[in-house]
Amino acid sequence: MRMITSDEDLAEAAAAGDGAAFASLLDRHYDRLFAFCFRLTGTRSEAEDLTQDICAALPAKLGSYQKRAKVTTWLYRVAVNAAHDRRRKRATYAKATNGWGDWEIQRTATNNDMSEKLDWLTVAMSQLSQDLRDTLALVLDDMTHAQAGEVLGVSEGTISWRMSEAKKALRALKEQEGKT
Amino acid sequence: MNDDLNKLKSLMDDATPKPDHVRRTAHIALAQDSFAVFHQARNAKEAAPTGTIWQRASAWLQSGPAKGLVTASVLVVAASLFLETPPSTNQLSAPVESVEPAQEGLVAEFAAPAQMITADDAPVAARMAARSVAVQTSYDAIRAALLQGKLPSQSDVQIAEMVNAFAYDSDTPEIDANFAEAIESFGILLRDPQAVGDKGYDDVIARAQANLGPDISGQRAEAVMLMRLAKDLSQ
């Protein structure tokens, strides 16, 4: 029977200098990482740039990997930190897009129904603060509040509070739609 | 999860694109290159000779790559430094070549290339690799022009690329942002000296100098040196 090497074993081997383990680990997680970057940024091009940044920095970041820690949690923390860096740069130079705020003009919907859904998603995301978007990106990726808190460096209670705020914002959006 | 969140998750799942195959391959290749550079630097550090700075400098000057990089002018400056503080085993005997006074200090400042870096510096090596691979920065073109004693042409100065080349360091984000801002102003100055109003080279240099951060690779200090060189050349 063929044994599948765990993520944690690959990460430890990669941290010790095993290039094949590193390549295997990245190949295994790239698609999920890219999807997470998209949820953090709201545009394909920003997600691609962010993923590229992370790929370039990942070998050095392996030094921060704690043995036996969940690889996804560590990887998402790296991604969130890289996203925050990009946002700071964007705030400084104001030369990039606003991510979710600009999404609707960057994406071509193929039909009206899809277009309406995307509009709703864009409106919903753009109404949330950056902290709430980050939190949602993790929770919508099926992370528990505890895991999301670990990634974002806040308590589980803070994540629960943020999710409550996100739900309020979505409810308000729904009520607004009902009036119009 | 309530209905609103379920709706959001469903829409988000539908909206999330698959990665482009070509970019996926390129990103993984970039990561592997960065990985190789990172571990080469780490291995080199482990094998690095110990000793005084003078012993290490002498060893470096005799190494193959260094011979190609060090000009006679640099050796003149280095030799003068050695004479002021003679090491016990000074093996420098390079022929003397005249150095223009205005350039002499600058040449001395550039006498320590990346090979001299022996700090706890493996992450920096990865960043440098990432810079050269992922960001086709204009920094090298600017550096080359300035070291040849001329200001770069405007087409050499790609400001966004310069900023990207220096801005990323997640350990010190605020300092990074400030330093990157100084780099941006520097780029603007090179392209159009009138564009930044009163914020001339002195201001840019002061801001960069105040936001060097850990700079264990010395790249940022080198950028400040380039700013000083550009200032000298512009006068």
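Residues numbered from 1 in each chain as written. Chains lettered and ligands numbered in written order. Predicted model: local features only at pLDDT ≥ 70, side-chain atom pairs only at ≥ 80, totals over all residues.

Section: the overall build of chain A
(1) Moving on: Looking only at helices and strands, chain A features nine helices and zero strands.
(2) Moving on: Along the chain direction, N to C, the helices and strands of chain A fall in the order α-α-α-α-α-α-α-α-α.
(3) Moving on: Out of the 180 residues belonging to chain A, those deemed buried represent 41%.
(4) Moving on: Long-range contacts, defined here as pairs at least 24 residues apart, represent 62% of the contacts in chain A between residues at least 6 apart. (Helix = DSSP H or I, 4+ residues; strand = E, 2+ residues; numbered from the N terminus. Buried ≥ 20, exposed ≤ 12 C-beta atoms within 10 Å, placed from the backbone. Contact = placed C-beta atoms within 7 Å.)

Structural notes on the overall build of chain B
(1) Moving on: If you tally the helices and strands in chain B, you get twelve helices and zero strands.
(2) Moving on: The helix and strand sequence of chain B, counted from the amino end, reads α-α-α-α-α-α-α-α-α-α-α-α.
(3) Moving on: The proportion of buried residues among the 235 residues of chain B is 29%.
(4) Moving on: Residue pairs at least 24 apart in sequence account for 64% of intrachain contacts in chain B once pairs closer than 6 positions are excluded.

Some details on the interface of chain B and chain A
(1) Moving on: Listed as interface residues are 38 residues of chain B and, on the opposing side, 42 residues of chain A.
(2) Moving on: Among the elements that line the side of chain B that touches chain A, the one with the most residues is helix H2 (residues 21–47) of chain B, at twelve residues.
(3) Moving on: Counted by class, the side of chain B that touches chain A contains 25 nonpolar, seven polar and six charged residues. (Nonpolar A, V, L, I, M, F, W, Y, C, P; charged D, E, K, R; others polar.)

Some points on the nonpolar core
(1) Moving on: Phe36(A), Cys37(A), Ile54(A), Leu58(A) and Ala79(A) are the most contacted members of the largest nonpolar core, which totals 52 residues.
(2) Moving on: No other element matches the ten residues that helix H2 (residues 19–41) of chain A contributes to this core.
(3) Moving on: Contacts of Ile54(A), omitting those with residues within four sequence positions, involve Leu33(A), Val78(A), Ala79(A) and Ala82(A).
(4) Moving on: Ranked by size, the runner-up nonpolar core spans 25 residues in total, among them Tyr139(B), Phe166(B), Ala182(B) and Ala230(B). (Core = buried A, V, L, I, M, F, W, Y, C linked by C-beta atoms within 7 Å.)

Comments concerning helix H7 (residues 130–139) of chain A
(1) Moving on: The buried fraction of H7(A) amounts to seven of the ten residues, a majority that puts the element mostly inside the structure.
(2) Moving on: Buried within H7(A) we find Arg133(A), Asp134(A), Thr135(A), Leu136(A), Ala137(A), Leu138(A) and Val139(A).

Here's the deal with the environment of Glu156(A)
Residues and elements named next belong to chain A.
(1) Moving on: One can find glutamate 156 in helix H9 (residues 156–179).
(2) Moving on: A C-alpha to C-alpha distance of 8.9 Å links glutamate 156 and threonine 144, two positions twelve residues apart in sequence.
(3) Moving on: Contacts of glutamate 156, omitting those with residues within four sequence positions, involve His145, Ala146 and Gly149.

Quick notes on the packing of H2(A) against helix H3 (residues 44–61) of chain A
Residue and element names in this part refer to chain A.
(1) Moving on: Between H2 and H3, whose axes approach to 9 Å, the crossing angle comes to 145°. Remark: the crossing between H2 and H3 carries right-handed chirality. Residues Phe22, Leu26, Leu33, Phe34, Cys37, Phe38 and Thr41 of H2 touch H3, and the partners they reach there are Arg44, Glu46, Ala47, Leu50, Thr51, Ile54, Leu58 and Pro59. (Axes fitted to C-alpha atoms, helices over the stretch in contact; angles between N-to-C directions. Left-handed = near helix turned anticlockwise from the far one by under 90°.)

Re unusual backbone geometry
(1) Moving on: Phi is positive for Asp142(A), which is not a glycine, with a value near 70°.
(2) Moving on: By secondary structure assignment, the location of Asp142(A) is in the loop between H7 and helix H8 (145–152).

Digging into the packing of helix H1 (residues 7–15) of chain A against H2(A)
Residues and elements named next belong to chain A.
(1) Moving on: At a minimum axis separation of 7 Å, H1 and H2 run at an interaxial angle of 135°. Accordingly, the angle class assigned to the pair H1 and H2 is oblique. Judged by the twist between their axes, the crossing of H1 over H2 is left-handed. In contact with Asp7, Leu10, Ala11, Ala13 and Ala14 of H1, H2 contributes Ala21, Phe22, Ser24 and Leu25.
(2) Moving on: Of the residues that constitute the contact of H1 with H2, the class distribution is seven nonpolar, one polar and one charged. (Parallel < 35°, antiparallel > 145°, perpendicular 65-115°, else oblique.)

Details of helix H10 (residues 173–191) of chain B
(1) Moving on: Along its 19 residues, H10(B) runs 27 Å from first to last C-alpha, staying within 8% of the 27 Å computed at 1.5 Å per residue.
(2) Moving on: Of the residues making up H10(B), those classed as buried are Asp176(B), Phe179(B), Ala180(B), Ala182(B), Ile183(B), Glu184(B), Ser185(B), Phe186(B), Gly187(B), Leu189(B) and Leu190(B). (Expected span 1.5 Å × (residues − 1).)

Re the confidence of the model for chain B
All names here are of chain B.
(1) Moving on: Chain-level pLDDT for chain B is 65 on average; 53% of the residues reach the 70-or-more range.
(2) Moving on: Ranking the helices and strands of chain B by mean pLDDT puts helix H11 (residues 201–210) first, with 86, and helix H6 (residues 101–109) last, with 39.
(3) Moving on: Taken over the whole predicted complex, pTM reads 0.54, whereas the ipTM for its chain interfaces reads 0.83. (pLDDT = per-residue confidence, 0-100.)

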